There are 2 protein chains.
Amino acid sequence: MSPSRDAVRQRILEAAGSEFAERGFENATVRQICHKAGANGAAVNYYFGDKQQLYLETVRLASEARIEQISPPPRNRSTPAEVHLYDHVRTLLERMLGSEQDPWQVKLLMREVLQPTEACRELVEQHFRPRFEYLQNLLDSWLPPGMPDYRRRQVAFSVVGQCVHYRMAGEVIAMLTPEEDRRRYHSLDQLAFHITTLTLASLQHRPIWELDTQLRELLEELAEATSS
Amino acid sequence: MSPSRDAVRQRILEAAGSEFAERGFENATVRQICHKAGANGAAVNYYFGDKQQLYLETVRLASEARIEQISPPPRNRSTPAEVHLYDHVRTLLERMLGSEQDPWQVKLLMREVLQPTEACRELVEQHFRPRFEYLQNLLDSWLPPGMPDYRRRQVAFSVVGQCVHYRMAGEVIAMLTPEEDRRRYHSLDQLAFHITTLTLASLQHRPIWELDTQLRELLEELAEATSS
DNA sequence: GATCGTTTAAAGCGCTTGTTTTAATCGAGG
DNA sequence: CCTCGATTAAAACAAGCGCTTTAAACGATC
């Protein structure tokens, strides 16, 4: 029970996460993971039993680190729903895109979404569903009361889909967007701003440019309020 | 140069496609491909040189088969832009989702989008970019003339993102949607209908339910016109 | 300093991978 | 019928895989 025991475990988890994220479960090799972690080739089996259990641990670690770490900013009770929607969208985008040097957590979770293993159901129930239901309730602020459930869900899927697309199809989007524009206009704030106003435009049946200025004003007010 | 030469090649391509789609390039095995194709274990190397070249062939085959095969229906010159948008959205959805027993082509192309190899650039320039520019022009029907290019692109990305989401996150969406509702409301037509009217609502700053009835009427008119 | 559970190191096991090799089979032309 | 290039079949190859084993090194306790 040396003090370095946890340190080695942690180094292996970190190395395994990035390998699993980059190459997928089957293609990642225990040898490479151990080498990257500076541990012996038998360390994975010693600490985690086998490759599969190591994988499950990394998925749990990834969802906790990534999803519970990045949260929407705290707001006053009186904050308008438009800002809450913006916060939600921005948080979702930040979880997908926001990070220097692209940590492994998001890639790993994306793999689970795309090709769920047993680790996915836990992920959905624990993290995705609550967030999704919160978004649905938020959207009810503008939807007519008679809107059927299935349609409410689809509106929410539309919002999520717009956000996720910038990560899933990120490389293709990059090919379709001039580099100059990408640098200038694909910041988290600007993407969140676009998706929020486009969504609000469809829900409030008002022109996009009106909502552009309205949301900009709302955000500036809040920025001043918190800075003072 | 027996007459069966092309037949064997074709069988191997078909088997390789489904294996590559299901397991990815590295995880698919030449042995399994040959077994599935009813060919000998050395056939891949004999006909294609090596595994890599076989993969490139299957990607080319997939994009041609899938993308050129499913096209929007022919329309009159006078067809309103709303219907063209609906057609485009529906075609995109059909390419993603529409097929009995889920052929391998879409999965393979999704893999290329998610983790592009050298085969991807060809795919983008040949298929994705033209379709994307067509969509942008279509959306210009409702966007104000002053809208900057980067924003026009983002609106188009929003439309594509909503469509693609139903494929990329299909399994998670299934977990979040009651099975009953999925059977009833996740048909190609209904998904396309939802995405189209939501998009039109934001662009025409009119309520969703108004556009629901308008688009429904437009489509019914066209259905009657073509059936008569 | 000896002892004993914990951790590391290195070698090896059985198996599967992509590819090559070698031999058998086929089919049309002479 | 024989021949010879094209194709198939089956075995073999080296390399890499997850995992196990064996033995050495370590560290606290007596």
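Residues numbered from 1 in each chain as written. Chains lettered and ligands numbered in written order. Predicted model: local features only at pLDDT ≥ 70, side-chain atom pairs only at ≥ 80, totals over all residues. Heavy atoms only, no water.

Trainee: Just to check I follow, could you spell out the pattern of salt bridges for this structure?
Mentor: Close approach of charged atoms allows side chains of opposite charge to pair. Following the criterion strictly, the structure yields 32 salt bridges over all chains and no others. The partner of Arg-75 of chain A in a salt bridge is Asp-87 of chain A, with the nearest N and O atoms 2.6 Å apart. Of this pair, Arg-75 of chain A sits in the loop between α4 (51–69) and α5 (81–97) while Asp-87 of chain A sits in helix α5, placing them 12 residues apart in sequence. Residue class for Asp-87 of chain A comes out buried when judged on its relative accessible area of 5%. Between Glu-180 of chain B and Arg-184 of chain B there is a salt bridge, with its nearest N and O atoms 2.8 Å apart. (Salt bridge = Lys/Arg side-chain N within 4 Å of Asp/Glu carboxyl O. Helix = DSSP H or I, 4+ residues; strand = E, 2+ residues; numbered from the N terminus. Buried < 20%, exposed > 50% of the residue type's maximum accessible area, 1.4 Å probe, protein only.)

Trainee: What exactly am I supposed to notice about the environment of Tyr-185 of chain B here?
Mentor: Mapping Tyr-185 of chain B onto the fold places it in helix α10 (residues 179–185). For the pair formed by Tyr-185 of chain B and His-35 of chain B, sequence separation is 150 residues and the distance between their alpha carbons is 40 Å.

Trainee: Looking at this structure, I do not really get the packing of aromatic side chains. What am I missing?
Mentor: By convention here, two paired aromatic rings are described through the distance between centres and the angle between planes. Taken as a whole, this structure holds 14 aromatic pairs over all chains when the rule is applied. Aromatic pair Phe-25 of chain A and Tyr-55 of chain A: ring centres 5.2 Å apart, planes at 70°, arrangement edge-to-face. Separated by 30 residues along the polypeptide, Phe-25 of chain A in the loop between α1 (5–23) and α2 (30–37) and Tyr-55 of chain A in helix α4 bring together distant segments of the chain. Residue class for Phe-25 of chain A comes out partly exposed when judged on its relative accessible area of 24%. Tyr-55 of chain A sits in the buried class, given a relative accessible area of 7%. With centroids separated by 4.8 Å and ring planes inclined at 25°, the aromatic side chains of Phe-132 of chain B and Phe-157 of chain B adopt a geometry described as stacked. Placement of the pair is Phe-132 of chain B in helix α7 (residues 118–139) and Phe-157 of chain B in helix α8 (residues 149–168), with a sequence separation of 25 residues. Phe-132 of chain B sits in the buried class, given a relative accessible area of 7%. Through successive ring pairs, a cluster of aromatic residues spans Phe-20, Phe-25 and Tyr-55 of chain A. Just above the ring of Phe-25 of chain A sits the side chain of Lys-51 of chain A; from NZ or CZ to the centre is 4.7 Å. (Phe/Tyr/Trp six-rings, centres within 6.5 Å; stacked < 30°, edge-to-face > 60°. Lys NZ or Arg CZ within 6 Å of the ring centre and 35° of its normal.)

Trainee: How do you make sense of a negative patch on the surface when you look at a structure like this?
Mentor: A surface patch of like charges, here negative, comprises Glu-217, Glu-220, Glu-221 and Glu-224 of chain A. With respect to the helices and strands, Glu-217 of chain A occurs in helix α12 (residues 208–227). (Patch = residues over 30% accessible without salt bridge, like charges linked within 9 Å, V, L, I, M, F, W, Y side chains within 5 Å. Areas by Shrake-Rupley, 256 points an atom, 1.4 Å probe, with all protein chains shown as cover. Lys, Arg positive; Asp, Glu negative; His and termini not counted. Charge placed at Lys NZ, Arg CZ, Asp CG, Glu CD.)

Trainee: Help me understand the interface of chain B and chain A, please; the structure alone is not making it clear to me.
Mentor: A common way to report how large an interface is uses the accessible area buried once the components associate. Each partner contributes to the interface: chain B provides 53 residues, whereas chain A provides 53 residues. The junction of chain B with chain A conceals about 5,100 Å² of combined surface from both sides, 64% of it contributed by carbon and sulfur atoms. Of all residues in chain B, Phe-157, Met-175 and Leu-176 of chain B give up the largest surface area on contact with chain A, accounting jointly for 14% of the area buried on that side. Connecting chain B to chain A are four salt bridges. Arg-153 of chain A is the partner of Asp-181 of chain B in a salt bridge, and the nearest nitrogen-oxygen pair spans 2.4 Å. Counting the contacts that link chain B with chain A gives 19 residue pairs in polar contact (both at pLDDT 80 or more). Ranked by residue count, the leading element in the side of chain B that touches chain A is α8 of chain B, at 14 residues. Class assignment for the residues of the side of chain B that touches chain A results in 29 nonpolar, 13 polar and 11 charged. (Contact = heavy atoms within 4.5 Å. Buried area = accessible area lost by both parts, 1.4 Å probe. Polar contact = N/O pair within 3.5 Å; in protein donor to acceptor, adjacent residues only side chain to side chain. Nonpolar A, V, L, I, M, F, W, Y, C, P; charged D, E, K, R; others polar.)

Trainee: For this particular structure, what's the right way to read the relation of the copies chain B and chain A?
Mentor: Relating one copy of the chain to the other takes a rotation about an axis and a shift parallel to that axis. Structural alignment of chain B on chain A gives an RMSD of 0.1 Å, achieved by rotating through 180° and translating 0.0 Å along the axis. Here the copies are linked by what is in effect a two-fold axis. (Least-squares fit on C-alpha atoms with pLDDT ≥ 70 in both.)

Trainee: Before we go on, may I ask you to explain the environment of Ser-158 of chain A in this structure?
Mentor: Looking at the secondary structure, you find Ser-158 of chain A in helix α8 (residues 149–168). Considering only alpha carbons, one finds Ser-158 of chain A and Thr-199 of chain A, 41 residues apart in sequence, at a separation of 8.7 Å.

Trainee: Would you mind going over the packing of helix α4 (residues 51–69) of chain B against α7 of chain B with me for this structure?
Mentor: The description of two helices packed together rests on the angle between their axes and the distance between the axes. Residue and element names in this part refer to chain B. Packing of α4 against α7 brings their axes to within 11 Å, and their N-to-C directions diverge by 15°. Taken together, α4 and α7 sit at an angle that is classed as roughly parallel. At the point where α4 passes α7, the crossing takes the right-handed sense. Taken together, the residues of α7 that come into contact with α4 (itself represented by Gln-52, Leu-56, Val-59, Arg-60, Ser-63, Ile-67 and Glu-68) are Glu-118, Ala-119, Glu-122, Leu-123, His-127 and Phe-128. Looking at the contact of α4 with α7 residue by residue, the classes come out as six nonpolar, three polar and four charged. (Axes fitted to C-alpha atoms, helices over the stretch in contact; angles between N-to-C directions. Parallel < 35°, antiparallel > 145°, perpendicular 65-115°, else oblique. Left-handed = near helix turned anticlockwise from the far one by under 90°.)

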